Amino acid sequence: MSRDTSPTSAEQFVARITDGTERLLREAAADGSDERRAVITELLDVVAEVEDLLETTDLERLPAAVDVSELPGLVRLDELPNAMRDRDPDLAVDLSTIGDVIELRELWNTVDIADFLRELRQLRTELEDVVSPDAFETSGDSEAAAEIRRFVDDVTPEATNAALQQEAKEAARTARKGVVEAHSTFEKLYESTGRGPGYAGRKPVSKNPTAVSSVPYGPLPDSVSTRVSTVPATVRHAKVDALPRIYGRRWKTAARSK
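Residue numbering note: each chain is counted from 1, following its sequence as written. The predicted origin of the model limits local features to residues at a pLDDT of at least 70 and limits the giving and counting of side-chain atom pairs to 80 or more, whereas totals for whole chains, interfaces and linings rest on all residues. Hydrogen atoms and water are omitted, and side-chain values are computed over all heavy atoms in the structure.

**Here's the deal with the pattern of salt bridges**
Criterion for a salt bridge: a side-chain nitrogen of Lys or Arg within 4 Å of a carboxyl oxygen of Asp or Glu. According to the stated counting rule, one finds 10 salt bridges in the structure shown. For the salt bridge of R124 with E128, the shortest nitrogen-to-oxygen distance reads 3.4 Å. On the criterion of helical spacing, the pair formed by R124 and E128 is a turn pair, its members being 4 residues apart in helix α6 (residues 113–130). Accessibility here uses a 1.4 Å probe with only protein chains present; expressed as a share of the type maximum, an area under 20% marks a residue as buried, one over 50% as exposed, and anything in between as partly exposed. The class of R124 is partly exposed, set by a relative accessible area of 37%. Among the ionic pairs, E158 bridges to K239, the shortest N-O distance being 3.7 Å. Of this pair, E158 sits in helix α7 (residues 143–194) while K239 sits in the loop between β2 (203–204) and α8 (250–257), and the two are 81 residues apart along the sequence. Owing to a relative accessible area of 26%, E158 belongs among the partly exposed residues under this scheme. In this text, helices come from DSSP runs of H or I with a minimum length of four residues, and strands from runs of E with a minimum of two, each type numbered from the N-terminal end.

**Some details on the packing of helix α2 (residues 34–54) against α6**
Axis lines are fitted to C-alpha atoms, over the contacting stretch for helices. Their N-to-C directions set the angle, which ranges from 0 to 180 degrees. For the pair α2 and α6, interaxial distance at closest approach is 9 Å and the crossing angle is 165°. Compared by their axis directions, α2 and α6 come out roughly antiparallel. In the packing of α2 onto α6, the handedness of the crossing is left-handed. Side by side, α2 and α6 meet where E42, L43, D45, V46, E49, V50, D52 and L53 of the first sit next to F116, E119, L120, Q122, L123, E126, L127, D129 and V130 of the second. Here the nonpolar group is Ala, Val, Leu, Ile, Met, Phe, Trp, Tyr, Cys and Pro; Asp, Glu, Lys and Arg are the charged ones; every other residue, Gly included, is treated as polar. Considering only residue class, the contact of α2 with α6 consists of 9 nonpolar, 1 polar and 7 charged. Every angle not falling under 35 degrees, over 145, or within 65 to 115 is termed oblique; those three ranges are roughly parallel, roughly antiparallel and roughly perpendicular. By convention the crossing between two helices is left-handed if the near helix lies anticlockwise of the far one by an angle smaller than a right angle, and right-handed if it lies clockwise. Here, residues are in contact when the closest pair of their heavy atoms is within 4.5 Å.

**Overview of a nonpolar patch on the surface**
On the surface, V66, V68 and L71 cluster together into a nonpolar patch covering about 230 Å² of accessible area. Within the secondary structure, V68 sits in the loop between α2 and α3 (80–86). Patch membership requires more than 30% relative accessible area and the absence of a salt bridge. Residues of like charge join within 9 Å; the nonpolar side chains Val, Leu, Ile, Met, Phe, Trp and Tyr join within 5 Å. Each accessible area is a Shrake-Rupley result for a 1.4 Å probe, and residues are judged covered by the shown protein chains and nothing else.

**As for α2**
Since the α-helix turns once every 3.6 residues, residues separated by three or four places project in the same direction. Take the number of residues in a helix, subtract one, and multiply by 1.5 Å to get its expected span. The terminal C-alpha atoms of α2, which comprises 21 residues, lie 30 Å apart, in line with the 30 Å expected from a rise of 1.5 Å per residue. Listing the buried residues of α2 in full gives I40, L44, V46, V47, E49 and L53. The secondary structure elements touched by the buried residues of α2 are α1 (9–30) and α6.

**Quick word on α6**
Over its 18 residues, α6 runs 26 Å from end to end, which matches the ideal 26 Å to within 8%, given 1.5 Å per residue. Within the span of α6, buried status applies to I113, E119, L123 and E126. Buried residues of α6, viewed axially, fall in a sector of 140°; they line one side. Each direction from the helix axis to a C-beta atom contributes to the arc, which is the arc of those directions.

**A few points about the nonpolar core**
Generally speaking, soluble globular proteins have nonpolar side chains that are buried together. To form a nonpolar core, buried Ala, Val, Leu, Ile, Met, Phe, Trp, Tyr and Cys residues must be joined to one another through side-chain atoms within 4.5 Å. Judged by nonpolar contacts, I98, L104, W108, I113, F151, V155, A159, A162, A163 and V240 together constitute the single largest core of 10 residues. The dominant element in this core, judged by the number of residues it contributes, is α7, at 5 residues. In contact with V155, not counting residues within four places along its chain, are L104 and W108. Counting 5 residues, the second-largest nonpolar core is a separate cluster that includes L25, A29, L44 and V47.

By themselves, these figures tell us nothing about what the structure is for.
See below:
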């Protein structure tokens, strides 16, 4: 979800992993049988889908969606030996408080929900080609899995609302780009007109003694009033962060960064 055109360190790390995995698979397919090459081709499809899935998430911002101080509450340290002996993670993992660990507002600002769900479905389809659909079927006996399903059911309405707000934000971003471009064009026209023969700065040159303008002479003042907005930066009860407000000198920076 990052809007920066340059890859972040996390994105570069993930890219190295996926590129390296893809290279190894292609090298393994070169000397293999037809059956082996077919399996590797399917694995390459899985790698591509994993990459698409990760692109729906702002990896640099993702850690902010986790309250690290609450993580110890998810693990029963005294039960770890028994869990390892019995190969039963439920003995050592308690996910009943997982809702306290995840900062939902940060999560909604980190993940493009609609794209994530779409890519997740496609990834599952590709994985089913490698293993089998039955591999995703569980007996439902896992307490941890039940807690995860309960958490997902609880946050689904909020996630749906957040996804709608994300779509609205993207539409606003597109419309805003057009407004910024129009403002930039108007400003250039204004400046070129202001330097014409009929003006001295922004003061009209006229022999008519009654030609008086209430607009201050010279360029628009760079005062505090043009650099500070009293409009709240965030929208009350919104699930996702609002786009930065544009006012005063921000019009120029917005035009340069669009």
